[in-house]
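Coordinate inspection notes
One-letter residues, chain by chain:
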Amino acid sequence: DTGVSQDPRHKITKRGQNVTFRCDPISEHNRLYWYRQTLGQGPEFLTYFQNEAQLEKSRLLSDRFSAERPKGSFSTLEIQRTEQGDSAMYLCASSSGLRFEAFFGQGTRLTVV
Amino acid sequence: AQKVTQAQTEISVVEKEDVTLDCVYETRDTTYYLFWYKQPPSGELVFLIRRNSFDEQNEISGRYSWNFQKSTSSFNFTITASQVVDSAVYFCALLGAGSYQLTFGKGTKLSVIP
């Protein structure tokens, strides 16, 4: 069990550029989540996958955001036409079907300049 | 709607003091789950405990203890004999039955001074 892995750890991009983040969940976990955390706030839910199916999406997830989880393994989160307001820590988490606690990765810190 | 309130934004204690972090929640669900997570400076959220709404038994794990009271909708976290390594931001979170969205409080930053 190597834990949830996220890549990259840090990303600086210019406004208007597209960015993609990757998350590798704990291998036996079939549930995967994306959260966003801004400075001084708790994480906010973005989206949830059970295996390869995206079952829940937050209203925070605008049309510029898209997430995938092909084959129910790793997941990617893409942000198109980034804006300064997208600057945040993007956290990925996973959990098994038998337990409710989610285990989080170290996050990807995005800075849009 | 779910809501979690952590009224204490920052707390500073001297090493070896006991400290309690408060958490108050709101939910209309009769079945729900409560969590505490620790976020050290490295950024990773570390799971500490899960509590089910139908189990009000308090729990102790080493220097950590949790007091769950449905009557006051509170799930408080106490660290006994605090250590410098306890310095972190602590988040309380709520999960409603049938949902997969954790609702987090804004967190309490704990600083333990040697």
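Going by the structure above, here's the rest.
What comes next concerns the included structure. (Residues numbered from 1 in each chain as written. Chains lettered and ligands numbered in written order. Predicted model: local features only at pLDDT ≥ 70, side-chain atom pairs only at ≥ 80, totals over all residues. Heavy atoms only, no water.)

**Brief notes about the overall build of chain B**
Scanning chain B from N- to C-terminus turns up 0 helices and 12 strands. Along chain B, helices (α) and strands (β) appear in the sequence β-β-β-β-β-β-β-β-β-β-β-β when read from the amino end. Its C-alpha radius of gyration of 14 Å places chain B within 12% of the 13 Å reference for a compact globule of 114 residues. Referenced to the eigenvectors of the C-alpha coordinate spread, the extents of chain B come out at roughly 45 × 25 × 20 Å. Looking at chain B as a whole, 43% of its 114 residues qualify as buried. (Helix = DSSP H or I, 4+ residues; strand = E, 2+ residues; numbered from the N terminus. Rg over C-alpha atoms; globule rule 2.2 N^0.38 Å. Buried < 20%, exposed > 50% of the residue type's maximum accessible area, 1.4 Å probe, protein only.)

**Brief notes about the packing of aromatic side chains**
For the structure on display, the rule yields 23 aromatic pairs over all chains. With a centroid separation of 5.4 Å and 40° between ring planes, the pair formed by A:Phe21 and A:Tyr90 is classed as tilted. Here A:Phe21 is found in strand β3 (residues 19-24), whereas its partner A:Tyr90 is found in strand β9 (residues 88-95), with 69 residues between them in sequence. With respect to burial, A:Phe21 and A:Tyr90 carry one shared label: buried. Seen in terms of ring centroids, A:Tyr35 and B:Phe104 are 5.9 Å apart; in terms of plane orientation they differ by 90°. Their pairing is edge-to-face. (Phe/Tyr/Trp six-rings, centres within 6.5 Å; stacked < 30°, edge-to-face > 60°.)

**Brief notes about the side chain of A:Arg64**
Tracing the chain through its elements places A:Arg64 in the loop between β6 (53-57) and β7 (65-68). Other than its neighbours up to four places away in sequence, A:Arg64 contacts A:Glu78, A:Ile79, A:Gln80, A:Arg81, A:Thr82, A:Glu83 and A:Asp86. (Contact = heavy atoms within 4.5 Å.)

**Regarding the state of the cysteines**
Under the definition given, this model contains 2 disulfides over all chains. Put simply, A:Cys23 and A:Cys92 are joined by a disulfide, and their sulfur atoms are 1.9 Å apart. Classification of the bridge connecting A:Cys23 and A:Cys92 rests on its S-S torsion, roughly -70°, and on that basis the disulfide is left-handed. A residue pair is termed long-range when its members are at least 10 positions apart, and A:Cys23 in strand β3 and A:Cys92 in strand β9 qualify at 69 residues. By relative accessible area, A:Cys23 is classed as buried at 0%. Each sulfur of the disulfide joining B:Cys23 and B:Cys92 lies 2.0 Å from the other. Note on the B:Cys23 and B:Cys92 pair: the S-S dihedral is about -65°, so by sign convention the disulfide is left-handed. One end of the pair, B:Cys23, is in the loop between β3 (19-21) and β4 (24-26); the other, B:Cys92, is in strand β10 (residues 88-96), with 69 residues separating them in the sequence. Each member of the pair, B:Cys23 together with B:Cys92, is buried. (Disulfide = S-S within 2.5 Å.)

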